[in-house]
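# Close look at the chain arrangement
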There are 4 protein chains.
Amino acid sequence: MCGFVGIVDGKNCSRDVVLSLQALQHRGQDSAGLGTINHGQFPLVKRLGLVHQGFGAAEIEQTPGNICIGHVRYPTVGAGVLRDAQPFFFRQPGVLMAHNGNLTNLREMHDELAENSVHLMSSCDVEPVLCIFSLELMKRRRRDHRLEDAVEAMKTTMEHIQGAYSLVVALVLDGQETLLALRDPQGIRPAVWGQLPDKQGWMVASESVAMDVLSVKRCGDVAPGELMVFRAGSEPIRHQLKTASPSPCIFEYIYFARPDSHMNGKSVYSKRLAMGQALADAWRAKGLEADVVIPIPDTARPAAAAVAERLHLPNREGFIKNRYTGRTFIMPKADQRADALKLKLNPIRSEFAGRRVLVVDDSIVRGATLKHTIEIIRAQGPTQVHLAIYSPPVLHPCYYGIDISTKEELAAPRFLPEGLAATDPGALQQIEQAFASRLGLDSLTYLPLDGLRAAFDGPACAACFDGLYPAPLDEKQRSWIAEDRRKSDQRTLGI
Amino acid sequence: MCGFVGIVDGKNCSRDVVLSLQALQHRGQDSAGLGTINHGQFPLVKRLGLVHQGFGAAEIEQTPGNICIGHVRYPTVGAGVLRDAQPFFFRQPGVLMAHNGNLTNLREMHDELAENSVHLMSSCDVEPVLCIFSLELMKRRRRDHRLEDAVEAMKTTMEHIQGAYSLVVALVLDGQETLLALRDPQGIRPAVWGQLPDKQGWMVASESVAMDVLSVKRCGDVAPGELMVFRAGSEPIRHQLKTASPSPCIFEYIYFARPDSHMNGKSVYSKRLAMGQALADAWRAKGLEADVVIPIPDTARPAAAAVAERLHLPNREGFIKNRYTGRTFIMPKADQRADALKLKLNPIRSEFAGRRVLVVDDSIVRGATLKHTIEIIRAQGPTQVHLAIYSPPVLHPCYYGIDISTKEELAAPRFLPEGLAATDPGALQQIEQAFASRLGLDSLTYLPLDGLRAAFDGPACAACFDGLYPAPLDEKQRSWIAEDRRKSDQRTLGI
Amino acid sequence: MCGFVGIVDGKNCSRDVVLSLQALQHRGQDSAGLGTINHGQFPLVKRLGLVHQGFGAAEIEQTPGNICIGHVRYPTVGAGVLRDAQPFFFRQPGVLMAHNGNLTNLREMHDELAENSVHLMSSCDVEPVLCIFSLELMKRRRRDHRLEDAVEAMKTTMEHIQGAYSLVVALVLDGQETLLALRDPQGIRPAVWGQLPDKQGWMVASESVAMDVLSVKRCGDVAPGELMVFRAGSEPIRHQLKTASPSPCIFEYIYFARPDSHMNGKSVYSKRLAMGQALADAWRAKGLEADVVIPIPDTARPAAAAVAERLHLPNREGFIKNRYTGRTFIMPKADQRADALKLKLNPIRSEFAGRRVLVVDDSIVRGATLKHTIEIIRAQGPTQVHLAIYSPPVLHPCYYGIDISTKEELAAPRFLPEGLAATDPGALQQIEQAFASRLGLDSLTYLPLDGLRAAFDGPACAACFDGLYPAPLDEKQRSWIAEDRRKSDQRTLGI
Amino acid sequence: MCGFVGIVDGKNCSRDVVLSLQALQHRGQDSAGLGTINHGQFPLVKRLGLVHQGFGAAEIEQTPGNICIGHVRYPTVGAGVLRDAQPFFFRQPGVLMAHNGNLTNLREMHDELAENSVHLMSSCDVEPVLCIFSLELMKRRRRDHRLEDAVEAMKTTMEHIQGAYSLVVALVLDGQETLLALRDPQGIRPAVWGQLPDKQGWMVASESVAMDVLSVKRCGDVAPGELMVFRAGSEPIRHQLKTASPSPCIFEYIYFARPDSHMNGKSVYSKRLAMGQALADAWRAKGLEADVVIPIPDTARPAAAAVAERLHLPNREGFIKNRYTGRTFIMPKADQRADALKLKLNPIRSEFAGRRVLVVDDSIVRGATLKHTIEIIRAQGPTQVHLAIYSPPVLHPCYYGIDISTKEELAAPRFLPEGLAATDPGALQQIEQAFASRLGLDSLTYLPLDGLRAAFDGPACAACFDGLYPAPLDEKQRSWIAEDRRKSDQRTLGI
């Protein structure tokens, strides 16, 4: 996971990009980068660490420009290396690019580029895309590139890349600073756009929260397979480059995105409410009872509020989160997780003691933290502990940019009885019972996939739940990606 | 505001102190310090910034000890200076000390020490206390100090110091590493103690959350005016050194302390629930109506939950907080507050639009951020905006350690009509109406003082609300403190 | 001024490059960079500051490669900006490049590249050269580039660039990691090469001292206009791409290079001895007398030893240099020069007092420090102060990479009587007398240009002395360069 | 080894102290500290690393004062720990102290202080002296201390401390900021004083070079056993507290001090000349011949100049020193010495090849670097290599502050034949021959002790050569000190 921002305006906008990147910091804390076009030069600054640590007045001053793209990076591999930070730059014809997503044919692209004698500085998967696009652009015209060249070049580029991606590009076309935004044909990763308060400038970003902080007017999404073209002072131009069944990532709505974001025309917050309502129905159908609903903060709060309202139960802040520690999803070293958890989540005993508590959380991936969390809950003296998850069991790895590990690390598949397919009737119940028993829970309730889909109310990629991967993905690619994942033993996924 | 921790154990405990300091980080982010006793030496390390930034494996290794005290400092004056960081050390007879609070007779103490030819390195108000105590101890016996010496010395020291203070002291008495904890006679600032899981060691801290992270068993409070003595392997010894009407600071419960803390036998969280309930009653008594309750996160969440339940209204997370920015209470430069606010608090439009919203917050001090917050709310399209505050108007400065500014900077007094005393009947209503009108609110509801006191259910210092200062405080002291405050124009207090 | 290193070997050589860069640190202290080729990737690390500060074990580990180039940069403009640090990288066909020198047709190159739609990240003048070369290479063959392609591409590149340059390039040709070294047709800036102790690897560097530290065998110079090709395990291949009158910079021998370096087949040290001898002759010819010879350390030491021997005078260390401060040539802010000088140079009074001292120094450029130095000398009580400079008056700016300022900042031209040409007989004497009088010296003796040339004994660029610029340079270029210089008011040139 | 500075003036002098500390940086690079008295407060800042790295405008601004003392520390033990940095502070009656030297009765002082219940923060040996002095002062008068109290207190303090020490103290006496400087009765370590250019202020320092940088007039030395008292605007007061045979450390003159320093009325530079002359005589007496004299830079330069003049041989700069690496004497990790040496010292081949070279160096302690140096020389092709050392064999450890290791680490004693006393006639010759043979030298010539004493021309501590320790030192103390030394395996002594 990563986050990007791009702005084109009639005036210097690098400070705005830095500010808005901070609103996307939850999408990546490893490194941050900023690239602009300034009098034909393409200054680029990258720093390890948080945006506010690496980008101060000096960095902003050294990187002026009326067009600027920025990026925050999630450390999928080890302790970050600065050269993997985005954006990247190609000198000919002068292109800056950053993205969010995961390309599944990285090795094929490497081979293809090597054949064209193009070489890379990093392991980052946007670098080959940048190279392919730049080469295509130069093929079409050697200089004075026009928008139509870029559109065609991007169309061809899309033939070369597979996986999930939302790209932002800064370059000069028709003599004008031009911001491009592209989304993969399935629209797996998000990309939203808006208009600056000065009515001249435009902005694209991974999530709409990046626009809110600048009072940028949210206008909508880059459509799946669409290339949008932004220039200061004129209306955006839209090109539908490729069409497929839209399949936005449903896990963004469950966990990854900020709740105050809108993507694909849907409020993340509202979807979490709806998932909570559906979860409440699933729970009620089991005939279980509880005295109080308690979310695992911060993610599960909206869904828990909906669960509580639907069940007419009080919704209480039973856990207090220490704001001065990192996010589990992002913290290194699995073996320090118990200590880190104690520092991060502290229970309010009075909300647990003597009660039947219904704890609500977003998802269970590896389950590593969950064991410690339940220990903490049990120590508060509840009479019963029920856990309700507003998503289905995670049974498949993600190849599209969410750091959901290789299959062997996932918790839920272990509780599926041999010989039973995940789609068999009764499979969900078997997983719930076996897992609850292992965790010492009085009950475990997942939101069934159909409940999730109904709550989401639209097409979506739910491959981590149902194994149906919308974007092309062959066996070889799967095994390459899994191999790269295994190399990185420091990656951690919450719960 | 500051936070301290002290541990004495049969084994090295400096790592534990560093861990637990992180749980108190909300009490101070300017600097952190760690002091131990190790084979007769008193190593001491202080660093600017957050605990996890300044204290790594190297610092812990350089500061071993079976007794250790730590401190986090709130930057009351400008950008922190390392030499004001606590703990402090006096060589004779070897005393480490840290505290939380504010001494009102600092200048008198300085004069007294100067007369005794004792000099200071810093502007920190615990340094003179350390000196007075150390001198008293040496007066009683030149060497081989015994516990009875320390008790008497502390008793005498208390005669010399005025204000609010919770002290932690590490020294050797009767040949044993000994941890002392003292609380001012009114018990204004908190101090709790507990037993380590190994049953040998003991811990004191500003808040019980520091103990939770180490799985330390919470045993209770250091009583107002009490000196507690802790040694590894034996039961604590308690000395009531001075007696006065207990008056723990009620503002800790309203805003400053973490909700998961217990102090003075009371759960902060439960008190916030009770204040919320009382606030709901005050609101209902006005005959007002709303569709939804929305807390200003994070502090107002528990109270808002109680308000919503009492009023049978939905309680919704209408604001999303960016976890990657600092705390308003702590951020510098008032003029950047609007920008900072936008980065920090983002509204969920659907929870406001077309509704009568009841926004719940903890307190209004300067009111600077509040104006911007209400602008943001109005922009979401609510039909009505009601603000309910679960504390009374702040009418008086605090001289006991809460950074509630000089009177002229407080917002509420400006709305009290001339000639009307704050205690007059009708005064509260006048303030509410005038202030609401200024802020463009449909209504503003404070929790009346009697409601707050009933909810708190116990004696408390509420001087910031009622002007009744429990600890001695003369006019000269007031004006000295105000003068020091004015010098520091960078101090900021949130709403 | 800058320094570069390149190594190609049968094994990882990035640590060796870092070590050897430290031997070139005198050529640039602003920033350092390291680039390698590693399994088709081109990792690149750049850091502000000294080599030993920025490059530790982590940086070396992140940048492995059997071919590696490194660079240290001299801050010609302001406080360094990281993106101007070398080496630079072009993705197609994968080329790393670093250089030492100054290109006089930078603006033409920019225009030419802009016409080809190639864009830059920096203001560094090697970046356009890299782009031109890479484009030329791709023009010749799209992939699987062969050495002959690179030779031709470099030949064409040379047609596009003017000025002084010594380039080092790392790329893959004929499937082999290949190190190229090119020197401008006049050979203005130095470039030497050698063989690694393992007999497999080869090295190029700005100065031979970089090879000494690795026990690399010094083999000779890259010839003016020559392209040398190095590959692990085979003999270097040499291509004479362009021929012109060789004109190595004589100022390298006077001041800039380390005395223990060999360049152009000449030992810098030996040349300084010879210049000293010639200076002694010039002094003797004046019939002056002195009691002791004292060099300004460190540069003037060898020449002063020769002066003293020739004159049969004692040679004494009359100034002690504080090794813990920076180099005058490199220190910022002219106005702090007097303070800095006092910290840096301390006189041994007994070597001056009551004596006729003959102080020897390398050159006078701006003369700013000289005034303070003479004040210090006078304060030691000498009976006479004579200054002898082992180079002629600096009368012209340098456009080839030595930071000898715009003409208006040079000291010597001010003392040339109006109407008198520098080449007129008597001109030198006039300058000496007027300047000595201004400085309060008993005499000032320059080494006349013919004496310098005789001592150097070979063709050389002495444009800063005689105004004869060997490489093409038109009026427009001169004024562009002067303009860029004036923009940078922080540049400083010693004495 | 360490260096200190103290200034008292009618105006703020902390910037001056920082500047002058840089002139003493050769005496210690581990950490630096600065303490002042400011309106009754004693601000104190300490930083790891070089003075110019740790002390900028901010540190100077935070530490104002009309009296200020500063210190640079030599890392005798491991990687420096900040809490061992000087100066130190005692609150009662407010005393700042820093020193240079080594106390031999550290353990006795610790015991004595422990009996008085005084405790320490560090392992630094000035801390107990500070405590003893402060206690003595308080014993005499509880407040309003007068100069006579301090004089008596210092006199008593001297009874408690043994070893070599030069102390600087800042405190308030008779209501005036007062700077004290004390030197041990033998005057082993240096201390000089001077008058500020404003004629109001006074300065003391370890070496006179610290005064030169501020244009402070050098007035003389603090006499052995003398206490000097400095106050702004009045003449210094001198108290001879204790009398013994003066024995200034001769090794300061040989190696440690800067040549431009004056101490004990003697110019270090002149003494090095004299030692060189005596060495030339010793060499000539052997009937040996050479073609050229080459010093090991930087220390041996003045002596080599004298050798060369006396022998009528050319004196050449045969080694070039890289100014961007640390001092051998100070560099950590003996095993990296060969690499470090290559980076640091580069030979000028032409000065060695085909010649009989006479290399001059200051001393041989461990001999570790020497082996590598001779390898480098041999590789330059000299026909003969002669080494002349302008000091006698180091046969005994130093207990007075020079980091000359435990006896077993010294090189020379290994070459003294068994059964032969160092004072026996012929012993020197035996050592020279055996050592030369081991090192592969054509000859090794030490300056005999009587030659050294004649050149020095005054009483001196030469204990490292003759084993006669002037200050009290019993067996127990020797073994304690040796034990502490062995613990620190990271300490390194050049050649």
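Scroll up a little and you will see the structure.
Quick look at the structure, then.

### Notes on the arrangement of the chains
Considering only C-alpha positions, the minimal separation of the non-contacting chain B and chain C is 19 Å. Left apart from each other, chain A and chain D have a closest C-alpha approach of 19 Å.

### Observations regarding the interface of chain B and chain A
Counting residues at the interface gives 43 residues for chain B, matched by 43 residues for chain A. Looking only at chain B, the three residues that lose the most surface to chain A are Tyr 269, Arg 323 and Tyr 324 of chain B, adding up to 20% of its buried area. The partner of Asp 298 of chain A in a salt bridge is Arg 323 of chain B, with the nearest N and O atoms 3.1 Å apart. Where chain B packs against chain A, one counts 16 residue pairs in polar contact (both at pLDDT 80 or more).

### Here we look at the side chain of Ser 166 of chain C
All names here are of chain C. By secondary structure assignment, the location of Ser 166 is in strand E7 (residues 163–173). Taking the relative accessible area as the measure of exposure, Ser 166 reaches 0% and is therefore buried. For Ser 166, the contacting residues outside a window of four places in its chain are Phe 4, Ala 98, His 99, Asn 100, Leu 182, Arg 183, Arg 189, Pro 190 and Ala 191.

### Structural notes on the relation of the copies chain C and chain A
Least-squares fitting of chain C to chain A yields an RMSD of 0.1 Å, with the transformation described by 0.1 Å of translation along the axis and a rotation of 180°. Here the symmetry operator amounts to a two-fold rotation axis. By residue overlap, the copies meet face to face through one surface: 100% of the interface positions of chain C are interface positions in chain A.

### Remarks on the interface of chain C and chain A
With 34 residues of chain C in contact, the opposing surface of chain A contributes 34 residues. For the pair chain C and chain A, the summed buried surface comes to about 2,900 Å²; carbon and sulfur atoms form 45% of the total. If you sort the residues of chain C by the area they bury against chain A, Arg 91, His 119 and Met 121 of chain C come out on top, with a joint share of 27%. Across the chain C-chain A interface, the total number found is two salt bridges. The shortest N-O distance in the salt bridge between Arg 91 of chain A and Glu 127 of chain C comes to 2.9 Å. Of all the secondary structure elements, the ones that give two or more residues to the side of chain C that touches chain A are strand E5 (88–90) and helix H5 (126–140) of chain C.

### Topic: the relation of the copies chain B and chain A
Superposing chain B onto chain A takes a rotation of 180° combined with a translation of 0.0 Å along the rotation axis, leaving an RMSD of 0.0 Å. Looking at the interface residues of chain B, 100% of them are also at the interface in chain A, so both copies use one shared face.

Thresholds, definitions, all that
Per chain, residue numbering runs from 1 following the sequence as it is written. For naming, the first written chain is A and the first written ligand is 1, with later ones following in the order written. A pLDDT threshold of at least 70 governs which residues receive local features in this predicted model, and a stricter bar of 80 or more applies before side-chain atom pairs are shown or counted, although totals over entire chains, interfaces and linings include all residues. Excluded from the side-chain calculations are hydrogens and water; all other atoms, namely the structure's heavy atoms, are used. Two residues form a contact once any of their heavy atoms are found within 4.5 Å. When two parts are brought into contact, each loses some accessible area as probed by a 1.4 Å sphere; the total of that loss over both is the buried area. In what follows, salt bridge is the name for a side-chain nitrogen of Lys or Arg lying within 4 Å of a carboxyl oxygen of Asp or Glu. Counted as a polar contact is a pair of N or O atoms within 3.5 Å, where, for protein atoms, one must be capable of donating a hydrogen and the other of accepting one, and residues adjacent in sequence contribute only when both atoms are in side chains. Secondary structure follows DSSP: runs of H or I at least 4 residues long count as helices, runs of E at least 2 residues long count as strands, and numbering of each begins at the N terminus. For each residue, the accessible area found with a 1.4 Å probe, counting protein chains only, is set against the maximum for its type, and the residue is called buried under 20%, exposed over 50%, and partly exposed in between. The least-squares superposition of copies is restricted to C-alpha atoms, and to residues with a pLDDT of at least 70 in both copies.

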